[in-house]
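The primary structure of each chain is shown beneath.
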Amino acid sequence: MVKSKINQVHVLPRDLLGKSTFELCMWLLKWLPMRLVDRFLLFVSWLILGNTARFGLVRPTVGPLELKDMSGKTPVLDVGALDKIKNGEIEIHPSIRRIGHHSVEFVNGDIINFDAIIFATGYKSNVPSWLKEKDMFSEKDGYPRRPFPNGWKGAYGLYVVGFTKRGLLGASADAKRIAEDIGKCWKAKANQITLKKR
């Protein structure tokens, strides 16, 4: 198997200190600033995984949580691929210049033949194709028209979580706003019922 490196990437262990990496991040972010949590993540990842740059997996200069917050790029959780890279089962190559019928030409000039080429291009929202609500979602990219932090609420009781391009942090912020809004709606409805009974 060959992997073409498109950009720099943060590779993090799936688990840290007996907890899932993301669970630990969310817990740490309750008390510590994002940059400090990023430094902790990078230090512990280096202790557990070593220097990933020696295998062609160069880390960005910005920390994993800050990068996710700025650009929506999610760090990669290692579930065994790094061991396969280390033992040569997966090879890392530079970015792709051109794809042929059964071959790939890389930017360094190498050309390798393959039986199959699989494109993992990332996530693209298809919500506008099945949700017939034209005001909330852009047909162009499938994300809410109003940018974060205001894209969580639509008309007729429609709420959305996870369209922030900010990962768990953005989804958490959306979920809190939605819970607060639902609470306000219930309280308002309860007040109306109470007033009608009088």
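Structure's up top.
Now for a description of the structure that goes with this document.

Rules behind the numbers
Residues numbered from 1 in each chain as written. Predicted model: local features only at pLDDT ≥ 70, side-chain atom pairs only at ≥ 80, totals over all residues. Heavy atoms only, no water. Helix = DSSP H or I, 4+ residues; strand = E, 2+ residues; numbered from the N terminus. Polar contact = N/O pair within 3.5 Å; in protein donor to acceptor, adjacent residues only side chain to side chain. Buried < 20%, exposed > 50% of the residue type's maximum accessible area, 1.4 Å probe, protein only. Contact = heavy atoms within 4.5 Å. Salt bridge = Lys/Arg side-chain N within 4 Å of Asp/Glu carboxyl O.

## Overview of the side chain of histidine 93
- As for its placement among the helices and strands, histidine 93 is situated in strand S6 (residues 91–93).
- For histidine 93, the side chain forms a polar contact with the side chain of glutamate 91, separated by 3.1 Å.

## Some details on the side chain of histidine 10
- Considering the arrangement of structural elements, one finds histidine 10 in the loop between strand S1 (2–4) and strand S2 (11–13).
- By relative accessible area, which is 3% here, histidine 10 ends up buried.
- There is a polar contact of 3.4 Å between the side chain of histidine 10 and the side chain of arginine 59.
- Apart from residues no more than four positions distant in its own chain, histidine 10 is found in contact with Leu42, Arg59, Pro60, Val62, Gly63, Pro64, Leu67, Pro75 and Val76.

## Remarks on the environment of arginine 54
- Within the secondary structure layout, arginine 54 lies in the loop between helix H2 (34–49) and helix H3 (64–71).
- What makes arginine 54 exposed here is its relative accessible area of 60%.
- Expressed as a C-alpha distance, the spacing of arginine 54 and lysine 86, which sit 32 residues apart in the sequence, is 9.5 Å.

## Points about the pattern of salt bridges
- Under the defined criterion, the tally for this structure stands at 7 salt bridges.
- Two residues, glutamate 105 and arginine 98, come together in a salt bridge whose shortest N-O distance is 2.7 Å.
- Residue arginine 98 is classed as partly exposed on the basis of its relative accessible area, which comes to 49%.
- When the shortest N-O distance is used, the salt bridge between lysine 153 and aspartate 181 registers 3.0 Å. Of this pair, lysine 153 sits in the loop between helix H5 (127–130) and helix H6 (167–197) while aspartate 181 sits in helix H6; the two residues are 28 residues apart in sequence, bridging distant segments of the chain.
- Classification of lysine 153 as partly exposed rests on a relative accessible area of 32%.
- Overlapping salt bridges bring together Arg97, Arg98 and Glu105 as one network.

Any link to function would need more than the numbers given here.
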